[in-house]
Amino acid sequence: MTPYEPSKTEQNWQTAWNEAGVFTARRDPSKPKYYVLEMFPYPSGRIHMGHVRNYTMGDVVARYKMAQGFSVLHPMGWDAFGMPAENAAMERGGHPKTWTYGNIADMRGQMKPLGLSIDWSREFATCDPEYYGQQQAMFLDMLKAGLVYRKNAVVNWDPVDMTVLANEQVIDGKGWRSGAAVERKELTQWFFKISDYAGELLDALDGLEHWPEKVRLMQANWIGRSQGLQFAFETVNAPEGFDKIECYTTRPDTLMGASFVGISPDHPIAKALEKTDPDLAAFIAEARKGGTTEEAIETGEKLGRDTGIRVRHPLNPDWELPVWIANFILMDYGTGAIFGCPAHDARDHEFATKYGLTITPVFAPVEGEAPTGEFVPLKSEKVRYLKGFAGEEVQTGEDAIKAAIAFAEAKGFGKGVTNYRLRDWGLSRQRYWGCPIPVVYCEKCGVVPEKKENLPVLLPDDVSFDRPGNPLLRHPSWSQTTCPCCGAPARRETDTMDTFVDSSWYYARFTNPHAKTPTVAEDAAYWMDVDQYIGGIEHAILHLLYSRFFARAMVKTGHLPEKAKEPFKALFTQGMVTHEIYKTTDANGRPVYHLPEEVENGVLKATGEAVEIIPSAKMSKSKKNVVDPMNIIGSFGADTARFFVMSDSPPERDVEWTAAGAEATSKFLARVWRIAQEIAEGAPDAGNPAEDKALLKTVHKAIDDVTRAIEGFAFNKAVATLYGLANAFAKSQASNAVKRQAMQIAAQLMGPLVPHLAEDIWRLMGGEGFVVTAPWPKADPALLVEDEVTLPIQINGKKRGEVTVPKTMPANEVEKIVLADEAVIKALAGGQPKKLIVVPGRIVNVVI
RNA sequence: GGGGGAAUGGCGGAACGGUAGACGCGGCUGACUCAAAAUCAGCUACCUGACGGUGUAGGGGUUCGAGUCCCCUUUCCCCUACCA
């Protein structure tokens, strides 16, 4: 008997699979295809347990589908552009490219020992010129198709680092790295017209039945459709050119409760006024600054300034309202101007109270008085209108809104419009390590797209990060080029693309990753769409929404077939891997965190100092509650790591990593290996027919259970079934021949989860070829049915006994047996039951 | 503020409206051993000496029967955030 030594065998199987090319995806028209994809990783340099969990799930599905006879595509790549590479270059010197490719090599080296069924021949990184060149080609097609445009937009600008910051890099109004006060700066930037697709992206969510309801809802909220009225206030004493102020409202029924008109600090009128009124200009500058910090949003103090401008109420020209500039009004939603109705809007109420503006109730509860303070009932609720102007006196808000829009349209002072919260996707980044935007600025011809034959527009290698700012901008020659149109000297765009662009189409590129065009029609047609996409819930909104938009844009520009418009047929979002946090405090009272491997029984191994244990949280380097998968693989092997991350917790839920659990998993696998060897070494024997049948039944039940569990993404239940199966083998008195047969099936069931051990057992049992390519076992229906069933006997819903009867016994026979049961006779005490319920095959309930 | 989800033994978690706690971790007992580890066998929701009783966050309801369906309450987690 040989001991279980995964470190000796796992590598051999990986080599054997590799040499046989079992994971090479082939376009095979004779087979149904299955495309399983896990969200590709950012090459940070180390894989973590979350990766192991994510890729194991995908691998289980891929191997299972392969056994089911599908032609499987299961690729892997790297989301390789982005700021960490530049940050590393700034901190440690070196080049982002070196850093990135070095990290990729390291991570690939860590992933390969997991034995994933990945077709590595399709691997690419988004920073490969071969990839981003095709992305540039697609950008040009999208530009031509009117899906890309330029406009001014405000960005967070760090004046010290001379760079644009993402919102999450602005902490308390200061740059996360430099600590400098962040400025708002207007730049001309490139945008994708995702808003053109807002309605479609929203409506199509209904068709994504294999997506989590939660993700669909999050996207729906993000797109944020609203129906409302757009109308204009006529101004009385506004500056030249502003004789109207357009407003948008979702509550036109409250028009008679208007108390002021509010405009955004970025509204054209505000911009006109600040030129002549220094006092107002100061306020506007302050108002614009606010809102970027977390704290400002939290406290959200509402500030405003009366412009002195007055407007006429559309329903009564004699009624004049003041126009205020208010810090809580957003320029890029609706028209950047609103009318305030303090009686029925919490924000307006706060504002009106603060500045002493009138508060006029428009409606009240159907019964009783209007509450003091704002009254904001659900739109679906009926209310009594005090100052209605359209529809019934008592009606729901919804009906009143419809009536008000109809009224405004009939009178010609406004029209019903649909608005979306979703804004266009700004893709310009003033950064080096990203895909260059392939356009050229020519003095004569203006903005000119680069010619496709000049692609890729390559990033220059000779750049330095010792100074702040964008290296592309200060590069002596890179941006100097000639106009693709007239040949005159011209300047390249120095902005690069948002890295979300890279990840918005990589799934399509995997269908033919080294083609000279973004995609190849036959490959895209065969493989798309992705049958199963697996990743973290943190990408529920942006990445998935951008990908849905991009797939549509690729259909429009001819890079994907119509059927791939929704790129991900099914989506699964997995939970995090968590661990306790171990903390001590240093002499200065600052927290010090310790790795789990440094702690034993609540004290530091090195010093014996007690640690504070903080409840589990997502593994994070800063809290040091990380377990390096390489340690687990090194100590116990890949199969243990894979089996353990799939155990216990349902995949969508967080899983708590425990060292004890990993060790126990390893012991279990060793036990299975031992049992298999005992069977292999056992001599032929007579066995006993009842035991033989019992084991076969258990195994076939396990086929059924594991199949269902994998289909339903309940890997923890598949694991539980395998534990149960091992226990059955250990106890079974079946003949050696039957045990062999059963163990061979068990190897197949284990295959997706612990592929290396499964191969070992498969071979030991005399299986042909690889277990990974063997067809998935089918449960024999005859072995799934029980001949006898044990029915619990309930008396008034409480279990009081049980009775074992043949499965097919008719209900009236069962009744007789039940009525003869000792417990029932005792309970009845000579009387008759009120009711006798027999649920065939399940339960009996005697009602007394 | 808005939206979503969750709550079951010491712990992770099972359970078509039909025997609550599968399976695992941990723990306990025993076998093997000079001993330990490893391994194997068994026990392990709570109360009770036992008979029996009580139990799925709490309170109501529907049902022959509720962890599961409906209503209310509490707590926790996640997402989102001045969207007019």
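The model shown is predicted, which means the values in this text are computed figures rather than measured ones.

Asker: Break down the overall build of chain A for me, citing the residues and quoting the values.
Answerer: For chain A, the helix and strand inventory stands at 27 helices and 36 strands. Projected onto its principal axes, the C-alpha positions of chain A cover 105 × 85 × 65 Å. For chain A, the residues scored as buried account for 52% of the 848 residues in total. When the accessible area of chain A is evaluated, it comes to approximately 38400 Å², of which 52% is carbon and sulfur surface.

Asker: Break down the nonpolar core for me, with residues and values.
Answerer: In summary, soluble globular proteins display a tendency toward joint burial of nonpolar side chains. Counting residues in each nonpolar core, the largest one holds 168 residues, and the members touching the most others are Y507 and F550. Sorting elements by how many residues they give to this core places helix α2 (residues 49–67) first, with 10 residues. Each of domain 2 (579–646) and domain 3 (659–783) accounts for three or more of the residues forming this core. Not counting chain neighbours up to four residues away, the residues in contact with F550 comprise M138, M142, F192, W425, V501, S504, W505 and Y507. By size, the runner-up hydrophobic cluster in this structure holds 38 residues, among which are L255, A258, A270 and Y385.

Asker: Describe the pairing of strand β26 (residues 571–574), naming the residues involved and giving the relevant values.
Answerer: Along β26, one buried face is formed by L571 and T573 and the opposite face, lined by F572 and Q574, is buried too. Taken together, the four bridges between strand β25 (residues 532–536) and β26 define a ladder with parallel strand orientation. Paired with Y533 across the two strands is L571, which belongs to β26. At this point the chain moves from β25, through helix α17 (residues 542–556), to the parallel β26, and the crossover so formed is right-handed.

Asker: Tell me about the protein's contact with RNA strand B, and please be specific about residues and values.
Answerer: Looking at RNA strand B, there are 47 residues lining it, with T250, Y333, R347, R423 and R842 nearest. For RNA strand B, the backbone makes up 60% of the atoms found within 4 Å of the protein, where backbone means sugar plus phosphate. K717 has a polar side-chain atom sitting 2.6 Å from a phosphate oxygen of RNA strand B. At 2.7 Å, a side-chain N or O of N845 approaches a base oxygen of RNA strand B. Per-element accounting of the surface near RNA strand B gives the leading share, six residues, to helix α22 (residues 715–731).

Asker: So what's going on with the UniProt feature "short sequence motif: 'HIGH' region" (unreviewed entry) in chain A? Which residues, and what values?
Answerer: UniProt's feature table lists "short sequence motif: 'HIGH' region" (unreviewed entry) at residues 41–51, given in the numbering used throughout. Annotated as residues 41–51, this span is 27% helix and 0% strand, and its ends, taken at the C-alpha atoms, are 8 Å apart.

Asker: Break down the domain arrangement of chain A for me, citing the residues and quoting the values.
Answerer: For chain A, the domain assignment lists domain 1 (225–418), domain 2 (579–646), domain 3 (659–783) and domain 4 (788–847). Here the C-alpha centre of domain 4 lies 55 Å away from the C-alpha centre of domain 2.

Asker: Break down unusual backbone geometry for me, with residues and values.
Answerer: Here the amide bond leading from L455 into P456 is cis, since omega sits at -5°, within 30 degrees of zero. Following the sequence through the fold, P456 ends up in the loop between β21 (446–449) and α13 (471–474). Not every positive phi belongs to a glycine, and D648 is a case in point at roughly 60°. For D648, the position within the fold is in the loop between α19 (638–646) and β32 (655–656). The phi torsion at F713 lies on the positive side, around 55°, for a residue other than glycine.

Asker: Give me the packing of aromatic side chains: which residues, what numbers.
Answerer: Under the counting rule described, the total for this entry stands at 46 aromatic pairs. On the basis of an interplanar angle of 75° and a centroid distance of 5.7 Å, the ring pair of F139 and W190 is categorised as edge-to-face. One end of the pair, F139, is in helix α5 (residues 129–144); the other, W190, is in strand β7 (residues 183–192), and 51 residues separate them in sequence. Like F139, the residue W190 is buried in the burial classification. Residues Y432 and W433 carry aromatic rings whose centres are separated by 6.0 Å and whose planes lie at 25° to one another, so their mutual orientation is stacked. Judged by its relative accessible area of 0%, Y432 falls in the buried class.

Asker: If you had to explain the environment of G637 to someone new, which residues and values would you point to?
Answerer: Position of G637 relative to the elements: it lies in the loop between α18 (629–636) and α19. Note on G637: relative accessible area 4%, which makes it buried. For the pair formed by G637 and I223, sequence separation is 414 residues and the distance between their alpha carbons is 45 Å. Setting aside chain neighbours within four positions, we find G637 in contact with P6, E10 and I632.

Asker: Describe in detail the packing of helix α7 (residues 213–223) against α17, supporting the description with residues and values.
Answerer: Put simply, α7 and α17 touch, their axes get as near as 10 Å, and they point 75° apart. When the axis of α7 is compared with that of α17, the two are roughly perpendicular. Within the contact between the two elements, α7 uses V215, Q219, W222 and I223 and α17 uses L542, L544, L545 and R548. For the contact of α7 with α17, the residue count by class is six nonpolar, one polar and one charged.

Asker: Talk me through the sheet that holds β7; I want residue IDs and the actual numbers.
Answerer: Pairing is antiparallel across the open sheet formed by four strands, whose spatial order is β4-β3-β7-β18. Both edges of this open sheet fall to β4 (163–165) and β18 (425–426), since each of them pairs with a single strand only. Strand direction decides the pairing type here: strand β3 (residues 148–158) and β7, joined by 10 bridges, are antiparallel. Residue N156 lies in a different strand from β7, and its bridge partner there is R184.

Asker: Explain the environment of Q741 to me, using residue names and the numbers behind them.
Answerer: One can find Q741 in helix α23 (residues 736–750). Residue Q741 is classed as partly exposed on the basis of its relative accessible area, which comes to 42%. Considering only alpha carbons, one finds Q741 and L696, 45 residues apart in sequence, at a separation of 8.7 Å.

Asker: Hey, could you go over the pattern of salt bridges for me, with residue numbers and the actual values?
Answerer: Enumeration over the complete set of coordinates arrives at 36 salt bridges. A salt bridge links D119 to R122; its shortest N-O distance comes to 3.1 Å. Among the salt bridges present, the one from E213 reaches R216, with a minimum N-O distance of 2.8 Å. With E213 and R216 both in helix α7 and three residues apart, this pair spans about one turn of that helix. Each of E200, R548, R552, E562, K565 and E566 takes part in a single network of salt bridges with overlapping partners.

Cut-offs used in this document
- Residues numbered from 1 in each chain as written.
- Chains lettered and ligands numbered in written order.
- Predicted model: local features only at pLDDT ≥ 70, side-chain atom pairs only at ≥ 80, totals over all residues.
- Heavy atoms only, no water.
- Helix = DSSP H or I, 4+ residues; strand = E, 2+ residues; numbered from the N terminus.
- Buried < 20%, exposed > 50% of the residue type's maximum accessible area, 1.4 Å probe, protein only.
- Areas by Shrake-Rupley, 256 points an atom, 1.4 Å probe, with all protein chains shown as cover.
- Core = buried A, V, L, I, M, F, W, Y, C linked by side-chain atoms within 4.5 Å.
- Domains from an automatic or database assignment.
- Contact = heavy atoms within 4.5 Å.
- Pairing = 2+ DSSP bridges.
- Right-handed = clockwise from strand over helix to strand, strands pointing away.
- Near = heavy atom within 4 Å.
- Polar contact = N/O pair within 3.5 Å; in protein donor to acceptor, adjacent residues only side chain to side chain.
- UniProt positions renumbered as here; feature names shortened; annotations may be inferred.
- Phe/Tyr/Trp six-rings, centres within 6.5 Å; stacked < 30°, edge-to-face > 60°.
- Axes fitted to C-alpha atoms, helices over the stretch in contact; angles between N-to-C directions.
- Parallel < 35°, antiparallel > 145°, perpendicular 65-115°, else oblique.
- Nonpolar A, V, L, I, M, F, W, Y, C, P; charged D, E, K, R; others polar.
- Salt bridge = Lys/Arg side-chain N within 4 Å of Asp/Glu carboxyl O.

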